[in-house]
Amino acid sequence: MAQPPLSNQPTAVRLSLTVNGERHRISVDPRLTLLDLLRDRLALTGAKRACDRGECGACTVLIGGRPVYSCIALACSHHGARVTTIEGLGRGARLHPVQRAFVDADAVQCGFCTPGQVLSAVALLEQHPRPSAAQIAEAMSGNLCRCGTYPKILRAIRATGRRTKRR
């Protein structure tokens, strides 16, 4: 008896995750990246596709408060996760303090890398409210800015840290 042909289409996976405070239950192809889920299925386009290799940080999101490259993260690997994208930081027209600091320091230039930069800075400041230069360099090393606005990004992070009260 002949074997039935193998299907090259994987079975969909049921996924539940909370994105920017909103719970989503969705069926996904197990090969779907978190970036594609966010951009194509949930219409959250703040995370950018750039290198598609987890090298530039343009696709950075926060998962449980930690920065993650969404272009190399499989969506199904984050079942039950709490994901924050740039769209989930501010409250309405009110910017998050890091977003405000980036605007005030003119640290946005073309803006392509800005969402990933901001989210990485938010994660850093949650861990180290008044970070040292070495901590900033380490935390931001995974985010590239092709415009070269690094001095302004550093200024924004330092300004936010100075405004943060000691815990």
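Higher on the page you've got the structure.
This text gives an overview of the structure that appears in the document. (Residues numbered from 1 in each chain as written. Predicted model: local features only at pLDDT ≥ 70, side-chain atom pairs only at ≥ 80, totals over all residues. Heavy atoms only, no water.)

**Digging into the sheet that holds strand β2 (residues 22-28)**
In step 1: Read across the sheet, five strands follow the order β2-β1-β5-β3-β4 without closing on themselves; strand pairing throughout is mixed. Only two strands of the sheet have a single neighbouring strand rather than two, namely β2 and β4 (66-69). Along the sheet, successive strands turn relative to each other by an average axial angle of 40°, direction set aside.
In step 2: Pairing geometry for strand β1 (residues 13-19) and β2, over seven bridges, is antiparallel. By the bridge assignment for β2, V13 is matched with V28.
In step 3: Contacts from helix α1 (residues 34-41) reach β1, β2 and β3 (60-63), with the element oriented near 105° to β2. (Pairing = 2+ DSSP bridges. Helix = DSSP H or I, 4+ residues; strand = E, 2+ residues; numbered from the N terminus. Axes fitted to C-alpha atoms, helices over the stretch in contact; angles between N-to-C directions. Contact = heavy atoms within 4.5 Å.)

**Observations concerning helix α2 (residues 97-104)**
In step 1: Listed in full, the buried residues belonging to α2 are V98, Q99, A101 and F102. Taken end-on, α2 shows its buried residues confined to a sector of 160°, consistent with a single buried face.
In step 2: Where the residues of α2 are buried, they touch α3 (114-127) and α5 (150-163).
In step 3: One or two steps after α2, the chain reaches D106, where phi turns positive at roughly 55°. (Buried < 20%, exposed > 50% of the residue type's maximum accessible area, 1.4 Å probe, protein only. Arc of directions from axis to C-beta.)

**Structural notes on the side chain of T85**
In step 1: By secondary structure assignment, the location of T85 is in the loop between β5 (82-84) and α2.
In step 2: Judged by its relative accessible area of 1%, T85 falls in the buried class.
In step 3: Side-chain polar atoms of T85 contact the side chain of E87, separated by 2.6 Å.
In step 4: Excluding residues that lie within four positions of it along the chain, T85 makes contacts with V19, N20, L38, L44, V61 and L119. (Polar contact = N/O pair within 3.5 Å; in protein donor to acceptor, adjacent residues only side chain to side chain.)

**Digging into the environment of C147**
In step 1: Take C147: it is sitting in the loop between α4 (133-140) and α5.
In step 2: Residues C147 and C110, spaced 37 residues apart in sequence, show a C-alpha to C-alpha distance of 7.1 Å.
In step 3: Setting aside anything within four residues of it in sequence, one finds C147 in contact with Q109 and C110.

**What to know about the nonpolar core**
In step 1: Residues V98, F102, V118, I153 and I157 are the most contacted members of the largest nonpolar core, which totals 22 residues.
In step 2: Taken together, the elements giving at least two residues each to this core come down to α2, α3, α4 and α5.
In step 3: The greatest single-element share of this core, amounting to seven residues, is contributed by α3.
In step 4: Not counting residues up to four positions away in its chain, the partners in contact with V118 are I86, L89, V98, Q99 and F102.
In step 5: Among the nonpolar cores identified, the runner-up in size contains 21 residues, and L17, L32, L44 and C59 belong to it. (Core = buried A, V, L, I, M, F, W, Y, C linked by side-chain atoms within 4.5 Å.)

**Focus: the side chain of S70**
In step 1: When you line up the elements, S70 lands in the loop between β4 and β5.
In step 2: Polar side-chain contacts of S70 include one of 2.7 Å to the backbone oxygen of C59.
In step 3: If we skip the residues at most four places from it in the chain, S70 touches T33, L34, L35, A47, C59 and V61.

**Concerning the pattern of salt bridges**
In step 1: In total, this model carries six salt bridges according to the counting rule given.
In step 2: D29 serves as the salt-bridge partner of R31, at 2.7 Å between the closest nitrogen and oxygen.
In step 3: The class of D29 is partly exposed, set by a relative accessible area of 27%.
In step 4: Note that R49 and D36 form a salt bridge whose closest N and O atoms lie 2.1 Å from each other. A residue pair is termed long-range when its members are at least 10 positions apart, and R49 in the loop between α1 and β3 and D36 in helix α1 qualify at 13 residues.
In step 5: Look at the salt bridges and you will find they share partners, linking D36, R49 and D52 into a network. (Salt bridge = Lys/Arg side-chain N within 4 Å of Asp/Glu carboxyl O.)

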